[in-house]
Amino acid sequence: VNITITPTGEDKTITIGHVIILRNITIFKELDFAKTNFIATVSHELKTPISAIKLSLQLLENKETGTINEEQKQLIESIKEDSQRLLKITGELLDISQLETGNIHLSIEKSNPYQIVEYAVDAVKVQTEQKLISIHIDAEANLPMVKADAEKTGWVLINFLTNAITYSPIQSKIIVKLKADNEQVIFQVQDYGKGIDKRYQSKVFDKYFQIPGSNKSGTGLGLAISKEFIEAQNGTIAVTSELGLGSTFSIGLNSV
Ligand code: ADP
């Protein structure tokens, strides 16, 4: 900060000194690291019992423990959905905290883009059926293999697809495109849902960001984690959207 004076009768200011404020933030960094580690531990510990709850519900549902009536079946279904949501939240908290502490390791290999898309589309089958949404795969033939962590890339596509399903009306269509572009293979998920206002488009990849008034049960972490996963593979991630018309999320991965 500059210290200046203006002598009486004159209109110019003279700098007579400077103040420099130095603050040791080591303690804050340590606290932040401890907090992130704590989140990682808690979310990791929560995953096991939640998975156990899901498994018990499956046993109940499969009548292995006796017959259940329609009302009980609906209750089981709703607890199952809630535990799935809890698993998603804890998984995202674990991923983001591991990314922050540098504890995520990618295994980048020669991967097949068609297989990654197939795996992701298959993983959201139940969700699409529930909303009567149809997914069309529009893939160029003879695409090269990509340098990618297939599991993490699949996770990103599932996240794009889950969002597309969440923010689209029932009976709508989602298009998954695969195409070559220079040295990259582009994976695109296009929906005809509510779309994203221009002013929020650059923010959706920020940690904990949720568009005001949107899906309250989410964490605002899915796209932030997606960005980290893709950039760690030297890939690119982007969104284009028209409010009220739909959105297209895409990633570009380097071909082999
Ligand atoms: P969340 O878990 O809250 O969905 P994300 O990071 O996946 O978090 O998404 C951040 C925000 O971006 C969401 O809250 C939502 O408002 C918006 N968004 C993401 N995908 C879409 C989409 N396909 N259509 C409209 N809005 C979307």
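This text follows the structure it describes.
This report concerns the structure included in the present document.

What counts and how
- Residues numbered from 1 in each chain as written.
- Predicted model: local features only at pLDDT ≥ 70, side-chain atom pairs only at ≥ 80, totals over all residues.
- Heavy atoms only, no water.
- Near = heavy atom within 4 Å.
- Polar contact = N/O pair within 3.5 Å; in protein donor to acceptor, adjacent residues only side chain to side chain.
- Helix = DSSP H or I, 4+ residues; strand = E, 2+ residues; numbered from the N terminus.
- Core = buried A, V, L, I, M, F, W, Y, C linked by side-chain atoms within 4.5 Å.
- Buried < 20%, exposed > 50% of the residue type's maximum accessible area, 1.4 Å probe, protein only.
- Contact = heavy atoms within 4.5 Å.
- Salt bridge = Lys/Arg side-chain N within 4 Å of Asp/Glu carboxyl O.
- Pairing = 2+ DSSP bridges.
- Axes fitted to C-alpha atoms, helices over the stretch in contact; angles between N-to-C directions.
- Parallel < 35°, antiparallel > 145°, perpendicular 65-115°, else oblique.
- Left-handed = near helix turned anticlockwise from the far one by under 90°.
- Nonpolar A, V, L, I, M, F, W, Y, C, P; charged D, E, K, R; others polar.
- Expected span 1.5 Å × (residues − 1).

## Some remarks on the site of the ligand
Line of reasoning, step 1. Taken together, 19 residues lie around the ligand, and Asn163, Asp191, Gln210, Ser214 and Leu223 are the ones closest in.
Line of reasoning, step 2. Within the side chain of Gln210, a nitrogen or oxygen atom sits 2.7 Å from an oxygen atom of the ligand.
Line of reasoning, step 3. Within the backbone of Gly220, an N or O atom sits 3.1 Å from an oxygen atom of the ligand.
Line of reasoning, step 4. Of all the elements in the fold, those that place two or more residues in the shell around the ligand are α5 (150-166), α7 (222-231) and β9 (246-254).

## Considering the nonpolar core
Line of reasoning, step 1. Counting 40 residues, the largest nonpolar core has Leu157, Phe160, Leu161, Phe187, Val204, Phe249 and Ile251 as its most contacted members.
Line of reasoning, step 2. Those elements that place two or more of their residues in this core are α3 (113-123), β5 (146-148), α5, β6 (173-181), β7 (184-191), α7, β8 (236-242) and β9.
Line of reasoning, step 3. Per-element accounting of this core gives the leading share, seven residues, to α5.
Line of reasoning, step 4. With sequence-adjacent residues up to four places away left out, Phe187 is seen in contact with Pro113, Ile116, Val117, Leu157, Lys177, Leu178, Phe249, Ser250, Ile251 and Leu253.

## Structural notes on unusual backbone geometry
Line of reasoning, step 1. Of note in this structure, Asn182 is not a glycine but carries a positive phi near 50°.
Line of reasoning, step 2. Tracing the backbone through its elements, the reader meets Asn182 in the loop between β6 and β7.
Line of reasoning, step 3. The phi torsion at Tyr208 lies on the positive side, around 65°, for a residue other than glycine.
Line of reasoning, step 4. With respect to the helices, strands and loops of the structure, Tyr208 is situated in the loop between α6 (198-201) and α7.

## Brief notes about the pattern of salt bridges
Line of reasoning, step 1. Taken as a whole, this structure holds eight salt bridges when the rule is applied.
Line of reasoning, step 2. Residues Arg85 and Asp82 are paired through a salt bridge, measuring 3.4 Å at the closest nitrogen-oxygen approach. Linking Arg85 with Asp82, this pair stays in helix α2 (residues 70-100), spanning three residues, or about one helical turn.
Line of reasoning, step 3. The exposure class of Asp82 is partly exposed, given its relative accessible area of 39%.

## Quick word on the sheet that holds β7
Line of reasoning, step 1. Within the open sheet, the five strands sit side by side as β4-β6-β7-β9-β8. Their pairing is mixed. What marks the edges here is a single partner per strand, and that holds for β4 (134-139) and β8. Neighbour-to-neighbour, the strand axes of this sheet turn through a mean angle of 15°, independent of strand direction.
Line of reasoning, step 2. Pairing analysis gives seven bridges linking β8 to β9, with the strands arranged antiparallel. Residue pairing for β9: Thr240 is matched across the bridge by Thr248.
Line of reasoning, step 3. Docked against the sheet, α5 engages β4, β6, β7, β8 and β9, running at close to 175° with respect to β9.

## Regarding the packing of α2 against α7
Line of reasoning, step 1. The geometry of α2 relative to α7 is characterised by a closest axis approach of 10 Å and an angle of 40° between their N-to-C directions. Put simply, α2 runs oblique to α7. The element α2 and its partner α7 pack so that their crossing is left-handed. Residue-level inspection shows Glu92, Asp95, Ile96 and Leu99 of α2 in contact with α7, the latter providing Gly222, Ala224, Ile225, Glu228 and Phe229.
Line of reasoning, step 2. Split into classes, the residues belonging to the contact of α2 with α7 amount to five nonpolar, one polar and three charged.

## Remarks on the packing of helix α1 (residues 26-61) against α2
Line of reasoning, step 1. It is at 8 Å that the axes of α1 and α2 come closest, and there the two elements cross at 155°. In terms of orientation, α1 lies roughly antiparallel with respect to α2. When the axes of α1 and α2 are compared, the crossing they make is left-handed.
Line of reasoning, step 2. Partitioned by chemical class, the residues of the contact of α1 with α2 number 13 nonpolar, nine polar and six charged.

## Considerations on α7
Line of reasoning, step 1. Within α7, seven of the 10 residues are buried, leaving the element largely enclosed by the surrounding structure.
Line of reasoning, step 2. Restricting attention to buried positions, one finds in α7 the residues Gly222, Leu223, Ala224, Ile225, Ser226, Phe229 and Ile230.
Line of reasoning, step 3. In this fold, the buried residues of α7 make contact with α2, α5, β8 and β9.

## Focus on α2
Line of reasoning, step 1. With 31 residues, α2 extends 45 Å from end C-alpha to end C-alpha; this agrees with the ideal 45 Å at 1.5 Å per step.
Line of reasoning, step 2. By the burial criterion, the buried members of α2 are Ile76, Lys80, Ser83, Leu87, Thr90, Gly91, Glu92, Leu94, Asp95, Ile96 and Ser97.
Line of reasoning, step 3. Contacts made by the buried residues of α2 are with α1, α5 and α7.
Line of reasoning, step 4. In this structure Asn69 caps α2, since a side-chain oxygen of it lies 3.2 Å from the backbone nitrogen of Glu71.
Line of reasoning, step 5. Two residues or fewer after α2 comes Gly102, characterised by a positive phi angle close to 70°.

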